[in-house]
Each structure stands twice: as C-alpha cells, then as structure tokens.
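Spelled out, the chains give:
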Amino acid sequence: GGIITQTPKFLIGQEGQKLTLKCQQNFNHDTMYWYRQDSGKGLRLIYYSITENDLQKGDLSEGYDASREKKSSFSLTVTSAQKNEMAVFLCASSIDSGRYEQYFGPGTRLTVL
Amino acid sequence: GDQVKQSPSALSLQEGTNSALRCNFSIATTTVQWFLQNPRGSLMNLFYLVPGTKENGRLKSTFNSKESYSTLHIRDAQLEDSGTYFCAASPSSSFSKLVFGQGTSLSVVP
C-alpha cells in the first residue's frame, strides 16, 4: 500500500499571484498527474510526468507550470491566479504510463480573492 | 461534445434498493475506472476494468468496449454509498490519460 499527500489542503491567493501546490507519493510509482476539478464537474488533466524531470501537457495546461523534482514529488504552479477562481486540484499516481490504475490524493482547494 | 457521458446526473435511492449507473463513451476506450467521491472531496477507487465484469461486495461493474459503455450496479444500497460516482476512460489514443465523466450524485435515504 501507499499514500499520496497534498499540501496545502486549502490555499487562498490574490489575483495575479503565483501559487504552488505540492504532491508526494510513497507508492514508488513512475507516473504522476495533476487534475483540476471545478464545482459539480468531472476532473480534467493539467499535466503529467512519466518519470523524474519529465513533463507532458494535458488538456488544461495553459496558465500552469509543473515540476517533477524527484520520483516521489510533483509540484504544480498557478502562474497568475484569476480573480474569483475556485477549484480543487487533485494529484494522482500510477505504476507507469501504460494502462494502469491511477490513485488520487485528497486534493488542494484553491480560492482566489 | 462530451467524450464520457454519465447518466443519470443525480439519483435518490431508498436504503435497501438496487440501481445502475451508466457511462457511454464516444472515444475508443481501453480501460475504465470507477470512483466514489465523498463530501470531503476524496476519490476512492472502486473498479479498474479491462473489457469484462468485476464484482466487489454489493457493487458490480461491466465494461463493454465493443458497444462503448460501462455500468456500475449497486445492490442493497446503504447510507454510506451516498456521494458522487465518476467513471473515467483511458483513451486508446493516449492511455496515460483519464477522461472523466461529469459524475452521478447519489443520495441514499432511509
């Protein structure tokens, strides 16, 4: 078994601010993902990484940067927070980038004032 | 349009009854995952499916790749089954991704 932790749980920012969200996993999985969930909607892929220092864009990468510093951690940066933005950002991991089950962290809830 | 369409969007069930949730896919899909999201937002893995059927306790799920759909059957619904159910497809064109449906909000009432 393993666990995915995300920090912080809640993030409040100001318009135009650069904000960073962090994710750690101890599954020893190769592939990690960042998804965004808007209220009442399904998840959409922002970025994923198949190994350390790799980055692949998802459907929603504009306005975000990501960094895979080491195998166990994957960071997401909102480059310029949009006023009244509210969403939950969920991190996930899988054994590798093939057809494997993805496991999710508890999420970071973002509010921009 | 929606590549993964879930139905119904919302459902209320009496405790002890049965129901089925459905996902239709408009993209070629290799595998399907089903999740339950609790009110705090955590996603719990329910099933990971290649074409075929799996069962776990009161839950049973089928993925039919030829007809592009998946179902999740809930038997003897309990209060703790309440939450939002999501299906997610792994497309043949890019099986690293998951494409999510919009979710089915299930409320089980006494």
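Residues numbered from 1 in each chain as written. Chains lettered and ligands numbered in written order. Predicted model: local features only at pLDDT ≥ 70, side-chain atom pairs only at ≥ 80, totals over all residues. Heavy atoms only, no water.

1. Section: the packing of aromatic side chains
Scanning the model with the defined rule gives eleven aromatic pairs over all chains in all. Aromatic side chains Phe-27 of chain A and Tyr-103 of chain A sit 5.4 Å apart centroid to centroid with 25 degrees between the ring planes, which places their arrangement in the stacked category. Here the residue Phe-27 of chain A occupies a position in the loop between strand 3 (19-25) and strand 4 (31-37), and Tyr-103 of chain A occupies one in strand 10 (residues 103-104), the gap between them amounting to 76 residues. Assessed through its relative accessible area of 24%, Phe-27 of chain A is described here as partly exposed. Seen from their ring centres, Phe-35 of chain B and Phe-100 of chain B are 5.7 Å apart, and the 25 degrees between their planes marks the pair as stacked. You can see Phe-35 of chain B sitting in strand 4 (residues 29-37) and its partner Phe-100 of chain B sitting in strand 10 (residues 99-100), a full 65 residues away along the chain. Accessibility classification places Phe-35 of chain B together with Phe-100 of chain B in one group, the buried group. (Phe/Tyr/Trp six-rings, centres within 6.5 Å; stacked < 30°, edge-to-face > 60°. Helix = DSSP H or I, 4+ residues; strand = E, 2+ residues; numbered from the N terminus. Buried < 20%, exposed > 50% of the residue type's maximum accessible area, 1.4 Å probe, protein only.)

2. Quick look at the sheet that holds strand 1 (residues 4-7) of chain A
Residue and element names in this part refer to chain A. Here we have four strands laid out as an open sheet, ordered 1-3-8-7, and antiparallel in their pairing. Of all the strands in the sheet, just strand 1 and strand 7 (64-70) have a single pairing partner and so form its edges. Direction aside, the axes of adjacent strands within the sheet are offset by 20 degrees on average. (Pairing = 2+ DSSP bridges. Axes fitted to C-alpha atoms, helices over the stretch in contact; angles between N-to-C directions.)

3. Quick word on the sheet that holds strand 3 (residues 19-25) of chain B
All names here are of chain B. As summarised here, the arrangement of the five strands in space is 1-3-8-7-6, forming an open sheet in which the pairing is antiparallel. At either margin of the open sheet sits one strand with a lone partner, and together these are strand 1 (4-7) and strand 6 (52-56). Going across the sheet, the axis of each strand differs from the next one's by a mean of 15 degrees, ignoring polarity. Note that strand 7 (residues 59-64) and strand 8 (residues 69-74) share six bridges and pair antiparallel.

4. Some thoughts on the state of the cysteines
Inspection of the entire model under this criterion finds two disulfides over all chains. Sulfur-sulfur distance for the disulfide between Cys-23 of chain A and Cys-91 of chain A comes to 1.9 Å. With the S-S bond torsion at -75 degrees, the cross-link from Cys-23 of chain A to Cys-91 of chain A turns out left-handed. Note that Cys-23 of chain A is positioned in strand 3 and Cys-91 of chain A in strand 9 (residues 86-94), a separation of 68 residues in sequence. Overall, the relative accessible area of 0% leaves Cys-91 of chain A in the buried class. Each sulfur in the disulfide pair Cys-23 of chain B and Cys-87 of chain B lies 1.7 Å from the other. Across the disulfide from Cys-23 of chain B to Cys-87 of chain B, rotation about the S-S bond amounts to roughly -100 degrees, and the bridge is consequently left-handed. Residue Cys-23 of chain B is located in strand 3, and its partner Cys-87 of chain B is located in strand 9 (residues 83-91); the two are separated by 64 residues in the primary sequence. An identical accessibility class is assigned to Cys-23 of chain B and Cys-87 of chain B; each is buried. (Disulfide = S-S within 2.5 Å.)

5. Some thoughts on the interface of chain B and chain A
Contact residues are listed per partner, giving 20 residues for chain B and 21 residues for chain A. Taken together, both faces of the contact between chain B and chain A bury some 1700 Å²; the carbon and sulfur share is 50%. Note that Asp-59 of chain A and Lys-97 of chain B form a salt bridge whose closest N and O atoms lie 3.0 Å from each other. In this assembly, chain B and chain A are joined by six residue pairs in polar contact (both at pLDDT 80 or more). For the side of chain B that touches chain A, the elements supplying multiple residues, two or more each, are strand 4 and strand 5 (43-49) of chain B. The greatest single-element share of the side of chain B that touches chain A, amounting to five residues, is contributed by strand 4 of chain B. Looking at side-chain class alone, the side of chain B that touches chain A contains seven nonpolar, eleven polar and two charged residues. (Contact = heavy atoms within 4.5 Å. Buried area = accessible area lost by both parts, 1.4 Å probe. Salt bridge = Lys/Arg side-chain N within 4 Å of Asp/Glu carboxyl O. Polar contact = N/O pair within 3.5 Å; in protein donor to acceptor, adjacent residues only side chain to side chain. Nonpolar A, V, L, I, M, F, W, Y, C, P; charged D, E, K, R; others polar.)

6. Notes on the nonpolar core
Residues and elements named next belong to chain B. Judged by nonpolar contacts, the single largest core of 24 residues is most densely connected at Trp-34, Leu-46, Leu-72 and Tyr-85. At the level of secondary structure, the elements contributing two or more residues to this core comprise strand 2 (10-14), strand 3, strand 4, strand 5, strand 7, strand 8, strand 9 and strand 11 (104-109). Leu-72 has contacts with Ser-19, Ala-20, Leu-21, Trp-34, Leu-46, Phe-47, Leu-59, Lys-60, Ser-61 and Tyr-85, leaving out every residue within four places of it along the chain. (Core = buried A, V, L, I, M, F, W, Y, C linked by side-chain atoms within 4.5 Å.)

7. What about the confidence of the model for chain A?
Counting all residues, the mean pLDDT for chain A is 94, and 100% of those residues have values of 70 or more. Strand 6 (residues 56-57) of chain A is the least confidently modelled element of chain A, averaging 94 in pLDDT, while strand 8 (residues 73-78) of chain A averages 98, the highest of any element. (pLDDT = per-residue confidence, 0-100.)

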